[in-house]
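# Chain and residue survey
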Amino acid sequence: MFGSNLLDRRSKPEQITDQAWQHLVSAGDSIRDAARSARHTSAGFADDAGDLVGSAAEEARHRASVAFDALAGRRPALPWTLLIGAALVGAAIGWAAGSAARAAGSRDRAVDDIEFVDVERPDSPAGPLT
């Protein structure tokens, strides 16, 4: 209560100055809060933009290097990883086809062991169906 009386007894310019100071402090606080919020939200955007610019810069360096090599008359290197991968896939397909052919060949031998009876022969163990 004592402090409120002292504030009431101040002169009009002092009251206006104090009120202006309070508005300035609250505006500074709201600006600081807005800046903090913007910093947090923009940090993610900055990281994404940095990644995008970094990958674009790497792509640009790669293309410039390839263009320089082409202008210098150098041929591009063979894609060894692609060639080795294709050879491994071809070997796997060949192995699978060979295994399937061997399995099919072994099944044919079992069919050859079956003895067929000719019903039209007179001395056959199976008699005519008439």
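Residues numbered from 1 in each chain as written. Predicted model: local features only at pLDDT ≥ 70, side-chain atom pairs only at ≥ 80, totals over all residues. Heavy atoms only, no water.

## Things to note about the overall build of the protein
Each helix and strand in the protein was counted, giving 3 helices and 0 strands. Starting at the N terminus and ending at the C terminus, the protein contains elements arranged as α-α-α. Put simply, the protein has 130 residues, and 1% of those count as buried. With an accessible surface of roughly 11700 Å², the protein has 64% of that area assigned to carbon and sulfur atoms. (Helix = DSSP H or I, 4+ residues; strand = E, 2+ residues; numbered from the N terminus. Buried < 20%, exposed > 50% of the residue type's maximum accessible area, 1.4 Å probe, protein only. Areas by Shrake-Rupley, 256 points an atom, 1.4 Å probe, with all protein chains shown as cover.)

## Concerning a nonpolar patch on the surface
A contiguous nonpolar patch, built from Leu78, Trp80, Leu83, Ile84 and Leu88 and spanning about 560 Å² of accessible area, is present on the exposed surface. Mapped onto the elements of the fold, Ile84 is located in helix 3 (residues 80-112). (Patch = residues over 30% accessible without salt bridge, like charges linked within 9 Å, V, L, I, M, F, W, Y side chains within 5 Å. Salt bridge = Lys/Arg side-chain N within 4 Å of Asp/Glu carboxyl O.)

## Considering the confidence of the model for the protein
Regions with low pLDDT should not have their predicted coordinates read in detail. When pLDDT is averaged along the protein, the result is 78, and 75% of the positions lie at 70 or above. Ranking the elements of the protein by mean pLDDT puts helix 1 (residues 2-8) last with 56 and helix 3 first with 85. (pLDDT = per-residue confidence, 0-100.)

## Some details on the pattern of salt bridges
The final tally for this structure, using the stated rule, is 4 salt bridges. Put simply, Arg36 and Asp33 hold a salt bridge, and the shortest N to O gap is 3.7 Å. Residue Arg36 and its partner Asp33 are both found in helix 2 (residues 12-72); the two are separated by 3 residues, about one turn of the helix. Here Glu59 ties to Arg63 by a salt bridge, and the two come within 2.8 Å at their closest N and O atoms. Taken together, the residues Glu59 and Arg63, both in helix 2 and 4 residues apart, mark about one turn of the helix. Given a relative accessible area of 57%, Arg63 falls into the exposed group.

## So, helix 2
Bending of helix 2 peaks at approximately 30 degrees at the position of Ser42. Immediately beyond the C-terminal end of helix 2, within one or two residues, lies Gly73, with a positive phi of roughly 90 degrees. (Bend = angle between axes of the 7 residues up to and from the residue.)

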